[in-house]
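What follows is the residue order along each chain.
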Amino acid sequence: MKPIFSLLISILLITPLLATAGEHAKWSYQGAQGPSHWGDLSPEYTTCKQGKNQSPVDISNAVDAKLKGIKFDYAMLVPENIVNTGHSIQVNIRSGGAITIDDEKFILKQFHFHSPSENMIDHKSYPLEAHFVHANDKNELAVVSILYQPGAMDNLALVPLVNNMPMNVGDSNRLGAKDTELFERNKTVKNYFNFNGSLTTPPCTEGVRWFVMQSRPGLSKRQLLAFQRAMKHPNNRPVQPLNARMVTK
Ligand SMILES: [Zn+2]
């Protein structure tokens, strides 16, 4: 075959595997589109394999840095809905949530769940992790992570979410202010781990500030099963190398 034809055939064969204009390449948590292949699924996703500051991480040997408190202002939190995206269960926020770190304000956009946890602490995984995704006015991201541990009782803040759980991919249920009122925390939290990281899903964009809470609330087996049944499969990216990064606390 003439080289030009063989090149043409290669392009025709490869093209469907890459993202077409205006849409993002499909990815998943298992098989050929799973986490170890994300960096090869699309040119947009190369940071997933080439990035040096990727999330999640295994947090151990955190350095004591006397971090300033994170000021939570969730009193006026109004959620929009709870959505089954196929990758996660996500609560979209209409208005009212913010955190302040070093005098800089970040607005809560959404929070979502991973099971099992993505971040680990001292090589230990937890059954559920929530990511509260905030953005400042330059669109830089700050993610607050809460790791949940197994407990005997229902976690009261999670009860309205479990009661409104969208069970199938694409499902969404409306939420009102009452459904997230137990996430209200008008307080300053000082016990947390801090590191620079990335989105834990493609395109794995770096420059994300991570704040993993040291306090780990419990949730019941029944609640955990509700999240796992809705998500259908584990949705945790494996931990990534720390490389030159330091975790502070
Ligand atoms: Zn997440």
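Further up the page is the structure itself.
Residues numbered from 1 in each chain as written. Predicted model: local features only at pLDDT ≥ 70, side-chain atom pairs only at ≥ 80, totals over all residues. Heavy atoms only, no water.

Considerations on the overall build of the chain
Phase 1 of the analysis: Secondary structure summary: the chain contains five helices and 14 strands in total.
Phase 2 of the analysis: Computed over the C-alpha atoms, the radius of gyration of the chain is 19 Å, within 12% of the 18 Å expected from 2.2 N^0.38 for a compact globule of 249 residues.
Phase 3 of the analysis: For the chain, the spread of C-alpha atoms along the principal axes amounts to about 70 × 40 × 35 Å.
Phase 4 of the analysis: Burial statistics for the chain: of 249 residues in total, 45% are counted as buried.
Phase 5 of the analysis: Total accessible area on the chain stands at roughly 13,000 Å², and carbon and sulfur atoms take up 55% of it. (Helix = DSSP H or I, 4+ residues; strand = E, 2+ residues; numbered from the N terminus. Rg over C-alpha atoms; globule rule 2.2 N^0.38 Å. Buried < 20%, exposed > 50% of the residue type's maximum accessible area, 1.4 Å probe, protein only. Areas by Shrake-Rupley, 256 points an atom, 1.4 Å probe, with all protein chains shown as cover.)

As for the packing of aromatic side chains
Phase 1 of the analysis: Applying the stated criterion to the full structure yields 12 aromatic pairs.
Phase 2 of the analysis: Ring geometry for tryptophan 27 versus tryptophan 38: centroids 5.2 Å apart, planes at 75°, classification edge-to-face. Here tryptophan 38 lies in helix α2 (residues 38–41) and tryptophan 27 lies in the loop between α1 (3–14) and α2, a separation of 11 residues in the sequence. Across the pair, exposure class does not vary: tryptophan 27 and tryptophan 38 are buried alike.
Phase 3 of the analysis: Consider the rings of phenylalanine 113 and phenylalanine 227, whose centres lie 4.6 Å apart with planes at 45°: the pair is tilted. One end of the pair, phenylalanine 113, is in strand β6 (residues 104–114); the other, phenylalanine 227, is in helix α5 (residues 221–231), with 114 residues separating them in the sequence. The exposure classification of phenylalanine 113 matches that of phenylalanine 227, with both residues buried. (Phe/Tyr/Trp six-rings, centres within 6.5 Å; stacked < 30°, edge-to-face > 60°.)

Brief notes about α5
What sets the pattern is the α-helix's 3.6 residues per turn: residues three or four places apart point alike.
Phase 1 of the analysis: All of the buried residues along α5 are Gln223, Leu224, Ala226, Phe227, Ala230 and Met231. Relative to the axis of α5, the buried residues are bounded by an arc of 155° and lie together on one face. Relative to its buried face, α5 has exposed residues pointing more than 90 degrees away, namely Lys221 and Arg229.
Phase 2 of the analysis: Buried residues along α5 sit against β3 (78–84), β4 (89–95), β6, β8 (128–135), α4 (159–163) and β14 (218–219).
Phase 3 of the analysis: Looking one or two residues past α5, lysine 232 carries a phi angle of roughly 75°, positive in sign. (Arc of directions from axis to C-beta. Contact = heavy atoms within 4.5 Å.)

Brief notes about the coordination of the zinc ion
Phase 1 of the analysis: Around the zinc ion, the protein contributes the donor atoms His112 (NE2), His114 (NE2) and His131 (ND1), at 2.0 to 2.1 Å from the metal centre.
Phase 2 of the analysis: Within one chain, the residues serving as donors to the zinc ion are arranged as H-x1-H-x16-H. (Donors = N, O, S within 2.8 Å, 3.2 Å for Na, K, Ca; no water.)

Considering the pattern of salt bridges
Phase 1 of the analysis: Within the structure shown, the criterion is met by eight salt bridges.
Phase 2 of the analysis: Between aspartate 40 and lysine 49 there is a salt bridge whose closest N-O contact spans 2.5 Å.
Phase 3 of the analysis: Here glutamate 80 makes a salt bridge to arginine 174, at a shortest N to O gap of 3.0 Å. Of this pair, glutamate 80 sits in strand β3 while arginine 174 sits in strand β10 (residues 172–174), and the two are 94 residues apart along the sequence.
Phase 4 of the analysis: A residue is classified by how much of its surface remains accessible, and glutamate 80, at 23% relative accessible area, is partly exposed. (Salt bridge = Lys/Arg side-chain N within 4 Å of Asp/Glu carboxyl O.)

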